[in-house]
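Observations on the model geometry
For reference, the chains in residue letters:
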Amino acid sequence: LLEGIAANPDHRLAALPLVTESERQQLIGWNPPATPYPRERCVHAIVAEHAARTPDAVAIVFPDEQCTYAELNTRANQLAHYLQSVGIGVGTPVGICLERSLTFVVGVLAILKAGGAYVPLDPSYPAERLQFMLEDTAMPVLITASHLAENLRQDDAPLDVRVICLDTEAADVAAHPTSDPVSAVTAEHLAYLIYTSGSTGQPKGIGVPHRAITRLACNTNYVQFTADDRIGMISNVSFDAATMELWGSLLNGGRMVGVPREVLLSPQAFADHIREYRIDTMFLTSALFNQMAREIPDAFATMRDLLVGGEALDPRSIATVLAAGPPRRLLNGYGPTESTTFAAWYEITEVPLGATSIPIGYPLANTQLYVLDSQGQPVPVGVPGELHIGGDGLAHGYLNQPVLTAEKFVPDPFSGAVGGRLYRTGDVVRYRADGAIEFIGRRDQQVKLRGFRIELGEIEAVLSQHPAVSQVAVLAREDLLSAGGQPQKYLAAYVVPRRDEPISTSDLRQFLQGKLPEYMVPSAFVLLDAFPLTPNGKLDRRALPVPEQLQLADRSDYVEPRDVVELKLVQIWEDVLKVQPIGVTDNFFDLGGHSLLVVRLMTQIQEHFGRELSLATIFQQPTIEQLACELRAEGERAWSPLVPIQSGGSKTPLFCVHPAGGTAFCYVPLARHLDADRPCYGLQAPGLEVGQAPLSRVELLAAYYVEAMRQVQPEGPYMLAGWSFGGMIAFEIAQQLRRQNQKVALLALMDTELPPPELQRPDADHSQFMSDANLLMMMVRRKNLPMTPEEFQKLSPEEQLKVAVETARRTNIIPPDAGPEQLQRFMQVLKANFTAMLQYTPEMYLDQLTYLKTDIPFDDNLIVPEGIDLSDPARGWGKYAALPVEVHTVPGDHATMLSEPNVRALAEQLSRCMDAHLSNGEMLPTIASADLV
């Protein structure tokens, strides 16, 4: 029953038999009796009392600023008088768009002192979303800073609101009185309006009164706040967890300790910050807690109270922290924004073996919880029902939405209080025998992701506005595993395009980024011809396909890695983001990256490169190309000719030898389409790194590579492949391995041409052929020239080289940041490889030789060299093979066989060859599917 409820989002709870009267009284009796707290006091008045009682006590601390209660009260009073002078009164909504800071706290307190209600606006939100909030609240005044004000404008339209920039209007504010202002506001008036995701396609504002805040922070039962507390403030300003952090400290005379974003994103820095500032109480989202549990599980050992919540807790992460060094009290905190941050809590002292969930627990003081059936009646212990919340923590309702307010906030038949209400959460829960409540699932499409409440319907509604979208469905999936092997929740959008309307996933992502916060933009987009349907003709959400490792659908802009640094970064990004393929110019955040993944990304970079980059680096330089420049600045680890393109797997590895350019990164697309259990190593030429000399003999290159290969695979059978000039080196490697009594299972030459005989004559003139410009142009292809070949030939050698270099940069043959020294090394390797090619004379090969030829012999930008017999499928290699050459034809030409979409067919054919040539390490005698010539 419980599995069915959790799996079916359209589930409607059926009416169940009524409980007995004694059971009814027991269920109602599990709610605690009312406890005294300053129920009729306003938040700002309590803060003013602390300022008068302990003026010198530190109220707020950030790494670069702090203030006492007296200073906080004085600054807030001046701003409050200023706000009253521009018309702010009882219940007036006032926007505040500032980062988490001392100034933000001053602004919030000042709004309350003036009698208004603060509306936190996240500066990182898209301008369109912020504009909606401005219009929905009809706020007359917005508090911000000058550097943020421009971000609030949509399409450069003027803001219909009075904007107060605290940095530029500081003198005007300071001219106002420092005394406490007077207002007629009461505990029942609004203290703040906070926006959450809405199923109609627009966010909805939730109005919370002063009384709900004091019920959360004063004389409660889940945490005993005192004046000695140091409470960490880490939450986003528009996340309602900030309510507990801010007022849990200031309403009790304690100290609020701000945690900067860059500290929060570094597990070690975060752990150090907790200890340095002696933070004893804090709230973490489940996702951030899991990150810390994986990286530094004893980070919380010095704390008193740690609350975790926002979404279901992971028992394994909880158990890890309990074992490593837990805080004195580890609590599961549960509550929707409509009940002011928390409604239930549960102290976790152990995790039973095999536990799959953690209870949400018991009601907060002055809060009532009821588990009711569809008729509004209590259900027995163990029976699922919908959780209803009552008490002083309830919000007033939804701004400008009376119908929704009436639907969600219903009369309370249990308390007997006049005007008593219950909030219908939509959460399906059940009672345990001890009165603790267990969470089961949702009745609707609402999900929690990284602590944020998201209505999937809002994303669907916004995405439906795209002119090329016909149908859309958004799911929260958990079919990816994190680095710790835990399910990783992410959003996936499924789209059926309109007929004859071009559409791409990058377009859809960009469209949403302009309308929704980052946490609401799906990580995966799947384009479908039609949606799967149930027998009743409804969308079958369970039949929507799993995104293929978040496969990016359109990769016309894909740029593959060009050196070892970029290749390793690609591998790290693909592991962290679970996206393939990733190009070096792709933006980390456009691919679904977020702040928690930044932590994992930087950890892996440090482990591999031995470099600790600042966390700001990824935000300032969010592409692999940019990060690689940063890492190259101090060099890379010890050089090796082996490049682990795909190092995981248990099967016999494939070694791919570099072409004339010296790098092996052309094989990255090929490796993607090979068996994931097949390791794939590239071999790159010496001379590309500082302090190395290139080798100009095929025999020397082969000997060097054989030594490196045998370090990772000491014994055969070996599998070799080489494209273009790489096939010639692979041929010699196979010869040397055989002379060392090693078995070569596969030797695959991919469109490898033997040099024209006239260029191998002892008296041949190579001077013009070996010029820098000509060699580069052989690499980049004539079709990429910004001029005709005839115009190119008329240029001076210096001009030819300049054009060739720029073309090589533009076509990603060399990195765009390659300096003169790097370019010189590249040219030296290129010349050495062509010299080696012209000097090499193959010997007879006594085993099976495989040749993979293209169905287009030469592209239309190359001249067929003299002496090349196009009628010979093996391109002349037959005279050096003792056995008939096994020939396979693959799509494309010389330049495109290793690129999409041709590389997929190449990988399939190469895989068939590897499987056929390997049988318990022995070569099979014949290949039935091949042409033998």
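Residue numbering note: each chain is counted from 1, following its sequence as written. For a predicted model such as this one, the threshold for reporting local features is a pLDDT of at least 70, and the threshold for listing and counting side-chain atom pairs is 80 or more; totals across whole chains, interfaces and linings nevertheless cover every residue. Derived side-chain values reflect all non-hydrogen atoms in the structure, with water molecules and hydrogen atoms excluded from consideration.

1. Here we look at the overall build of the protein
For the protein, the helix and strand inventory stands at 30 helices and 34 strands. Relative accessibility under 20% of the residue-type maximum defines a buried residue, over 50% an exposed one, and the middle range a partly exposed one, all with a 1.4 Å probe and only protein chains included. Across the 933 residues that make up the protein, the buried fraction comes to 57%. By definition in these notes, contact holds between two residues if any of their heavy atoms fall within 4.5 Å. Within the protein, contacts between residues separated by at least 24 positions form 71% of all contacts whose residues are at least 6 apart in sequence. On the protein, roughly 37,500 Å² of surface is accessible, and the fraction owed to carbon and sulfur atoms is 51%. A run of DSSP states H or I qualifies as a helix once it reaches four residues; a run of E qualifies as a strand once it reaches two. Both are numbered from the N-terminal end. For the accessible areas, the method is Shrake-Rupley and the probe is 1.4 Å, while residue cover comes only from the protein chains on display.

2. Details of the packing of aromatic side chains
To pair, rings of Phe, Tyr and Trp, with the six-membered ring standing in for Trp, must have centres within 6.5 Å; the planes then decide the type, stacked if under 30 degrees apart, edge-to-face if over 60, and tilted in the middle. One pass over the structure, following the stated rule, counts 18 aromatic pairs. Put simply, the rings of Tyr222, Phe225, Phe239, Phe283 and Phe342 pair up and form one aromatic cluster. A ring has a charge above it when a Lys NZ or an Arg CZ is no more than 6 Å from the ring centre and no more than 35 degrees off the ring normal. Positioned above the aromatic ring of Tyr125 is the side chain of Arg129, whose terminal nitrogen or guanidinium carbon lies 5.7 Å from the ring centre.

3. Some thoughts on the environment of Ala406
Position of Ala406 among the secondary structure elements: in helix 15 (residues 402-408). Relative accessible area serves as the criterion here: at 53%, Ala406 is assigned to the exposed category. Separated by 17 residues in the primary sequence, Ala406 and Tyr423 place their C-alpha atoms 9.8 Å from one another.

4. So, the side chain of His50
For His50, the position within the fold is in helix 3 (residues 43-53). Among the polar contacts listed, one links the side chain of His50 to the backbone nitrogen of Gly253, at a separation of 3.4 Å. Between N or O atoms, a polar contact is any pair within 3.5 Å; within protein, one atom must be a potential hydrogen donor and the other a potential acceptor, and residues adjacent in sequence are included only when both atoms are from side chains.

5. Points about the packing of helix 9 (residues 210-217) against helix 10 (residues 241-250)
Axis definition: a line fitted to C-alpha atoms, over the contacting stretch in the case of helices. Angles run 0 to 180 degrees between N-to-C directions. Closest axis-to-axis distance for the helix 9/helix 10 pair is 9 Å, and the angle between their directions is 75°. Considering their axes alone, helix 9 and helix 10 lie roughly perpendicular with respect to each other. Residues Ile213, Leu216 and Ala217 of helix 9 lie in contact with helix 10, whose contacting residues are Thr243, Met244, Trp247 and Gly248. Residues are grouped as follows: Ala, Val, Leu, Ile, Met, Phe, Trp, Tyr, Cys and Pro are nonpolar; Asp, Glu, Lys and Arg are charged; every other residue, Gly included, is polar. Looking at the contact of helix 9 with helix 10, its residues break down into five nonpolar, two polar and no charged. Roughly parallel here means an angle under 35 degrees, roughly antiparallel means over 145, roughly perpendicular means 65 to 115, and every remaining angle is called oblique.

6. Description of the pairing of strand 29 (residues 680-683)
Of the two faces of strand 29, the one lined by Cys680 and Gly682 and the one lined by Tyr681 and Leu683 are each fully buried. Following DSSP output, two strands are said to pair if at least two bridges run between them. With four bridges connecting them, strand 27 (residues 642-646) and strand 29 associate as antiparallel partners. Bridge pairing links Leu642 to Leu683 in strand 29. Looking at chain direction, strand 28 (residues 654-657) and strand 29 are connected through four bridges and run parallel. Bridge pairing in strand 29 links Leu654 to Cys680.

7. A look at the pattern of salt bridges
Opposite charge on two side chains lets them pair, provided their charged atoms get close. Salt bridge criterion: a side-chain nitrogen from Lys or Arg within 4 Å of a carboxyl oxygen from Asp or Glu. A complete count under the given rule lists 24 salt bridges for this structure. One salt bridge connects Arg162 with Glu169, and the closest N-O pair in it is separated by 3.8 Å. For Arg162, a relative accessible area of 36% translates into the label partly exposed. Put simply, Arg39, Glu40, Glu188, Arg211 and Asp392 are held in one network by salt bridges that share partners.

8. Section: the packing of helix 13 (residues 286-295) against helix 14 (residues 315-324)
Running from N to C, helix 13 and helix 14 point in directions that differ by 50°, and their axes come no closer than 9 Å. As far as their axial angle goes, helix 14 and helix 13 are oblique. Relative to helix 14, helix 13 is oriented so that their crossing is left-handed. Within the contact between the two elements, helix 13 uses Phe289, Asn290 and Ala293 and helix 14 uses Ser317, Ile318, Thr320 and Val321. Grouping the amino acids of the contact of helix 13 with helix 14 by side-chain chemistry returns four nonpolar, three polar and no charged. The sense of a crossing depends on the near helix, which, turned anticlockwise from the far helix by less than a right angle, makes the crossing left-handed and, turned clockwise, makes it right-handed.

9. Quick look at unusual backbone geometry
Across residues other than glycine, the phi torsion is negative in most instances, and most of the peptide bonds are trans. Look at the link from Gly716 to Pro717: it is a cis peptide, with omega at 5°. A positive phi angle, near 55°, is found at Arg278, a position not held by glycine. Of note, Arg278 is situated in the loop between helix 12 (267-276) and strand 11 (281-285). Arg278 gets classed as exposed once you look at its relative accessible area, which sits at 54%. A positive phi is found at Asn400, a non-glycine position, where the angle reads about 60°. Structurally, Asn400 can be placed in the loop between strand 18 (397-398) and helix 15. Taking the relative accessible area as the measure of exposure, Asn400 reaches 52% and is therefore exposed.

10. Quick notes on the confidence of the model for the protein
Of the residues in the protein, 82% have a pLDDT of 70 or more, and the chain-wide mean is 82. Values of pLDDT, which run from 0 to 100, indicate the predictor's confidence residue by residue. Here helix 1 (residues 2-7) stands out as the element of the protein with the lowest mean pLDDT, 44, in contrast to helix 9, whose mean of 97 is the highest. Confidence drops under pLDDT 50 across residues 859-867; counting only partners more than four residues distant or on other chains, this segment forms 15 contacts.

11. Digging into helix 16 (residues 456-463)
By the criterion of burial, helix 16 is predominantly enclosed, with seven of the eight residues buried. When helix 16 is considered as a whole, its buried residues turn out to be Leu456, Gly457, Glu458, Ile459, Glu460, Val462 and Leu463.

12. Regarding the pairing of strand 28
Residues of strand 28 alternate between two faces, with Leu654 and Cys656 on one and Phe655 and Val657 on the opposite face, all of them buried. Pairing analysis gives four bridges linking strand 28 to strand 30 (residues 718-723), with the strands arranged parallel. Looking across to strand 30, one finds that Phe655 is bridged to Leu720.

13. Focus on helix 30 (residues 902-917)
Multiplying one less than the number of residues by 1.5 Å gives the expected span of a helix. With 16 residues, helix 30 should reach 22 Å at 1.5 Å per residue; the first-to-last C-alpha distance of 23 Å fits that figure. If you check which residues of helix 30 are buried, you get Asn902, Val903, Leu906, Ala907, Gln909, Leu910, Ser911, Cys913, Met914 and His917. In this structure, the buried side of helix 30 is in contact with strand 28, helix 22 (668-672), strand 30, strand 31 (744-750), strand 32 (850-854) and strand 33 (886-890).

14. Looking at the nonpolar core
Each nonpolar core is a collection of buried residues, namely Ala, Val, Leu, Ile, Met, Phe, Trp, Tyr and Cys, held together in the definition by side-chain atoms within 4.5 Å. Residues Ile60, Leu83, Trp247 and Leu250 are the most contacted members of the largest nonpolar core, which totals 73 residues. In terms of residue count, helix 5 (residues 102-113) provides more of this core than any other element does, nine residues in total. In this structure, Leu250 is in contact with Val47, His50, Ala59, Ile60, Tyr69, Leu72 and Val105, ignoring residues within four places of it in sequence. Of all hydrophobic cores here, the second largest spans 49 residues; its members include Ala702, Leu754, Phe834 and Tyr851.

15. Section: the environment of Leu512
Position of Leu512 among the secondary structure elements: in helix 17 (residues 505-513). Sequence separation of Leu512 and Pro126 is 386 residues, and the distance between their C-alpha atoms is 9.5 Å. Sequence-distant contacts of Leu512, that is, excluding residues within four places in its chain, are made with Ile459, Val462, Leu463, Val521, Pro522 and Phe525.

16. So, the environment of Arg278
Along the backbone, Arg278 and Ile231 are 47 residues apart, and their C-alpha atoms lie at a distance of 9.1 Å. Every residue in contact with Arg278, bar those within four places of it in the chain, is listed here: Arg230 and His273.

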